[in-house]
Amino acid sequence: MRWLSALLIACFSRQSNSLAFTRPTSQRHNRRRFLSKNIKSCVAILITGTPISALADEAERSVNSRGGRPFAPLQALLPATRLKIWVDEAYALSLEVKTMQDPNERFRTVKLINEKLSNPPKLFQGEKIEKRTSTATAQLSTDISSANKDQYQLNRKGFNLGDKMTAMMNQADVERQWGMLQYAESKREEGNEMRGAFNFYTRQLTFGDEFMLTASSEERKRMIRNDELPTLTAVITSDLDRRDLFRNQFLTSIDDATAEAAYLVGQNSEEVDAKDLVDLVSQAHGACNSWFSLIAPEDVEDASKEARHE
């Protein structure tokens, strides 16, 4: 859709004097129940997070520095933070390789990188992991968010009876596919703790129900004329899809880097060319940083302090 070229940024209603477009307060939307499988990586969004009751005071104090980003409990970020610390250490070693002239020293550092990548840390240390769904039959009962259901009902307004029946069947098919995706993702998490660490955080995100459209004045007018203003569900979906995109980039790069390090060490030669290894580690490090850039800096700092003192 053409509106996806616009930048979508969330905000609180008390900042409404600067809003180009807002939606009224209704309810909060939780990641664990949200339909979000339509990659639109060209959109940069931030959704205002409102905390669940036990953490309300903490989030209220930090709302300004949070920058309109969604909220999740600190414990949800710890597994991914342990992963980031490990990646940062491997990246630091790869930077040393780039500057080394002595082939013997370079080969020893490649061995250290291989040892590091071959022995990832235990990412879950007491955090309780809730399965998305346990059996394939749960595909038929896995629910989607109330935000999506509200949007479906809004879309059906004004339809005749036949069109409404068709739309309802389409909605049922979307919900069935969502259940299938949840089941498939839960199976992938079982075999990949790193994937599970990223998902553990995003599943617990709580989003606000307002956003601001920061397109140009002419673009906003055109979108209003053509009835192309984005829906709240589309805004949240775009945010979640960016997170999944960075996660997938990281997983691919770190797997390739691990394989490359093992290959170089297996050559048993001091004249190794570590350029590809350095590039792959850098790509993994960059993707990880991009994923963390969508989180409030103070949350990242707090999680890092706790993870380093475990």
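Note that the coordinates shown come from a computational prediction; the quantities given were computed from them, not determined experimentally.

Student: What exactly am I supposed to notice about the overall build of the protein here?
Tutor: Per the secondary structure count, the protein includes 11 helices and 5 strands. Buried positions account for 47% of the 310 residues belonging to the protein. Long-range contacts, defined here as pairs at least 24 residues apart, represent 83% of the contacts in the protein between residues at least 6 apart. Put simply, the protein shows about 15900 Å² of open surface, and 50% of that area lies on carbon and sulfur atoms.

Student: Can you help me understand the pattern of salt bridges in this one?
Tutor: A side chain with one charge may pair with a side chain of the opposite charge, provided their charged atoms come close. Applying the stated rule across the entire model yields 11 salt bridges. For E310, the salt bridge goes to R82, with nearest N and O atoms at 2.6 Å. Of this pair, E310 sits in the segment after α11 (297-308) while R82 sits in helix α3 (residues 74-99), and the two are 228 residues apart along the sequence. On the basis of relative accessible area, R82 is assigned to the buried category, the value being 5%. D88 is paired through a salt bridge with K84; the nearest N and O atoms lie 3.1 Å apart. With a gap of 4 residues between them, D88 and K84 both fall in helix α3, about one helical turn apart.

Student: Would you mind showing me how to read the packing of α3 against helix α4 (residues 103-118) here?
Tutor: Geometry of a packed helix pair, given as the angle between the helix axes and the separation of the axes. Orientation of α3 relative to α4, taken along the N-to-C sense of each, is 165°, at an axis distance of 9 Å. For the element pair α3 / α4, the angle class is roughly antiparallel. The handedness of the crossing between α3 and α4 comes out as left-handed. Facing W86, E89, A90, L93, S94, E96 and V97 of α3, the residues of α4 in contact are R106, T109, V110, L112, I113, K116 and L117. Among the residues forming the contact of α3 with α4, the class breakdown is 8 nonpolar, 2 polar and 4 charged.

Student: Can you walk me through helix α7 (residues 193-202) in this structure?
Tutor: Every α-helix carries 3.6 residues per turn, so stepping three or four residues along brings you back to the same face. Where burial is concerned, most of α7 is hidden: 9 out of the 10 residues are buried. Inspection of α7 places M194, R195, G196, A197, F198, N199, F200, Y201 and T202 among the buried residues, and these make up the whole buried set. At the N-terminal boundary of α7, the capping side chain belongs to N192, with an oxygen 3.0 Å from the backbone nitrogen of M194.

Student: Help me understand unusual backbone geometry, please; the structure alone is not making it clear to me.
Tutor: Keep in mind that most residues, glycine aside, have a negative phi and that most peptide bonds are trans. With phi around 55°, D227 is a residue other than glycine that occupies positive phi space. Along the chain, D227 turns up in the loop between α8 (217-225) and α9 (232-266).

Student: Is there a simple way to explain a nonpolar patch on the surface in this structure?
Tutor: The grouping of L161, M165 and M169 at the surface amounts to a nonpolar patch, some 360 Å² of accessible area in total. Note on placement: L161 falls in helix α6 (residues 161-190). Of the residues examined, L161 reaches a relative accessible area of 66% and is grouped as exposed.

Student: For this particular structure, what's the right way to read the confidence of the model for the protein?
Tutor: Any segment with low pLDDT has predicted coordinates that should not be analysed in fine detail. Counting all residues, the mean pLDDT for the protein is 75, and 63% of those residues have values of 70 or more. Taken together, the stretch residues 1-28 has pLDDT below 50 and engages in 84 contacts with residues farther than four places along the chain or on a different chain.

Student: Could you clarify how one ought to interpret the packing of α4 against α9 in this entry?
Tutor: At a closest axis distance of 9 Å, the pairing of α4 and α9 adopts a crossing angle of 135°. With respect to their mutual orientation, α4 and α9 come out oblique. At the point where α4 passes α9, the crossing takes the left-handed sense. Contact with α4, carried on its side by F107, V110, K111, N114 and L117, involves I254, A257, T258, A261, A262, L264 and V265 of α9 and no other residues of that element. Residue composition of the contact of α4 with α9, by class: 9 nonpolar, 2 polar and 1 charged.

Student: When you look at the nonpolar core in this model, what are you seeing that I'm missing?
Tutor: General note: in soluble globular proteins, nonpolar side chains tend to be found buried as a group. Ranked by size, the top nonpolar core spans 53 residues in total, and within it L117, F250 and W291 carry the most contacts. Of all the secondary-structure elements, those providing two or more residues to this core are α3, α4, α7, α9, α10 (275-292) and α11. Dropping the residues within four chain positions of it, L117 is found in contact with W86, A90, I254, A257, T258, A261 and V281.

Student: Would you mind going over the packing of aromatic side chains with me for this structure?
Tutor: Geometrically, a pair of aromatic rings is defined through the distance of the ring centres and the angle of the planes. As enumerated under the stated definition, the model contains 5 aromatic pairs in all. When the ring of F198 is compared with that of F250, the centres are 5.4 Å apart and the planes differ by 70°; the resulting orientation is edge-to-face. Of the two residues, F198 is situated in helix α7 and F250 in helix α9; the sequence distance between them amounts to 52 residues. Just as F198 is buried, F250 falls in that class too. Geometrically, the ring pair formed by Y201 and W291 is edge-to-face, given 5.6 Å between the ring centres and 70° between the ring planes.

Criteria and thresholds
Residues numbered from 1 in each chain as written. Predicted model: local features only at pLDDT ≥ 70, side-chain atom pairs only at ≥ 80, totals over all residues. Heavy atoms only, no water. Helix = DSSP H or I, 4+ residues; strand = E, 2+ residues; numbered from the N terminus. Buried < 20%, exposed > 50% of the residue type's maximum accessible area, 1.4 Å probe, protein only. Contact = heavy atoms within 4.5 Å. Areas by Shrake-Rupley, 256 points an atom, 1.4 Å probe, with all protein chains shown as cover. Salt bridge = Lys/Arg side-chain N within 4 Å of Asp/Glu carboxyl O. Axes fitted to C-alpha atoms, helices over the stretch in contact; angles between N-to-C directions. Parallel < 35°, antiparallel > 145°, perpendicular 65-115°, else oblique. Left-handed = near helix turned anticlockwise from the far one by under 90°. Nonpolar A, V, L, I, M, F, W, Y, C, P; charged D, E, K, R; others polar. Polar contact = N/O pair within 3.5 Å; in protein donor to acceptor, adjacent residues only side chain to side chain. Patch = residues over 30% accessible without salt bridge, like charges linked within 9 Å, V, L, I, M, F, W, Y side chains within 5 Å. pLDDT = per-residue confidence, 0-100. Core = buried A, V, L, I, M, F, W, Y, C linked by side-chain atoms within 4.5 Å. Phe/Tyr/Trp six-rings, centres within 6.5 Å; stacked < 30°, edge-to-face > 60°.

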